[in-house]
Amino acid sequence: MGGGSRATRDARTVEIGYALVSAGFLGAVVFGVIAGPAAVWSLPHRVTTALLLAGVSVAGLLAVVRVVHVLRAFERGPGARDRSGDTGATGD
C-alpha cells in the first residue's frame, strides 16, 4: 500500500469520498435532466427507452470524468495552477 503520513492517507480518503459523492450527485442530476421527461410525460415506448439509455450513458460517462478530474487535481496538489503560470487573472 502507498506510504505517507496518516494525515496524507486521511486526505486521500476524504478526496476519494468527495470524488465519488460529487460524481454520484452529478450523475443523478444529469440523468434526471435527460430522462426526466420520460417520467413526466406519456411518451412512446421507443422514445422513453432512448431517453433512459441516453440518460444512463451520459450520466455514467460524466460521473467517471468527474472522479478522474477530482483525483488528478488532488494529485497535482495545492498551487498546481500557480505553477503552470495560470493565475486566473482576467487581465483587467
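It should be emphasised that the depicted structure is a prediction, and the values quoted were computed from it without experimental measurement. (Residues numbered from 1 in each chain as written. Predicted model: local features only at pLDDT ≥ 70, side-chain atom pairs only at ≥ 80, totals over all residues. Heavy atoms only, no water.)

Caption draft 1: View of the packing of helix H1 (residues 6-40) against helix H2 (residues 45-76). Relative orientation of the contacting elements H1 and H2 amounts to 160 degrees, with a least axis distance of 8 Å. Between H1 and H2, the angle is such that the two are roughly antiparallel. The interaxial crossing formed by H1 with H2 has right-handed handedness. Residues of the contact of H1 with H2, tallied by class, amount to 25 nonpolar, four polar and four charged. (Axes fitted to C-alpha atoms, helices over the stretch in contact; angles between N-to-C directions. Helix = DSSP H or I, 4+ residues; strand = E, 2+ residues; numbered from the N terminus. Parallel < 35°, antiparallel > 145°, perpendicular 65-115°, else oblique. Left-handed = near helix turned anticlockwise from the far one by under 90°. Nonpolar A, V, L, I, M, F, W, Y, C, P; charged D, E, K, R; others polar.)

Caption draft 2: Quick look at the environment of Ser22. Mapping Ser22 onto the fold places it in helix H1. Exposure remark for Ser22: the relative accessible area of 14% places this residue in the buried category. Considering only alpha carbons, one finds Ser22 and Val70, 48 residues apart in sequence, at a separation of 9.2 Å. Contact partners of Ser22, with chain neighbours within four places excluded, come to Arg66 and Val70. (Buried < 20%, exposed > 50% of the residue type's maximum accessible area, 1.4 Å probe, protein only. Contact = heavy atoms within 4.5 Å.)

Caption draft 3: Fine view of the pattern of salt bridges. Under the definition given, this model contains one salt bridge. Where Arg6 meets Asp10, a salt bridge forms, and the shortest distance between an N and an O atom there is 4.0 Å. Linking Arg6 with Asp10, this pair stays in helix H1, spanning four residues, or about one helical turn. By relative accessible area, Arg6 is classed as exposed at 58%. On the accessibility criterion, Asp10 (38% relative accessible area) is partly exposed. (Salt bridge = Lys/Arg side-chain N within 4 Å of Asp/Glu carboxyl O.)

Caption draft 4: Representation of the environment of Val64 within the structure. Within the secondary structure, Val64 is located in helix H2. Overall, the relative accessible area of 52% leaves Val64 in the exposed class. Between the C-alpha atoms of Val64 and Leu20, which are 44 residues apart in sequence, the distance is 9.0 Å.

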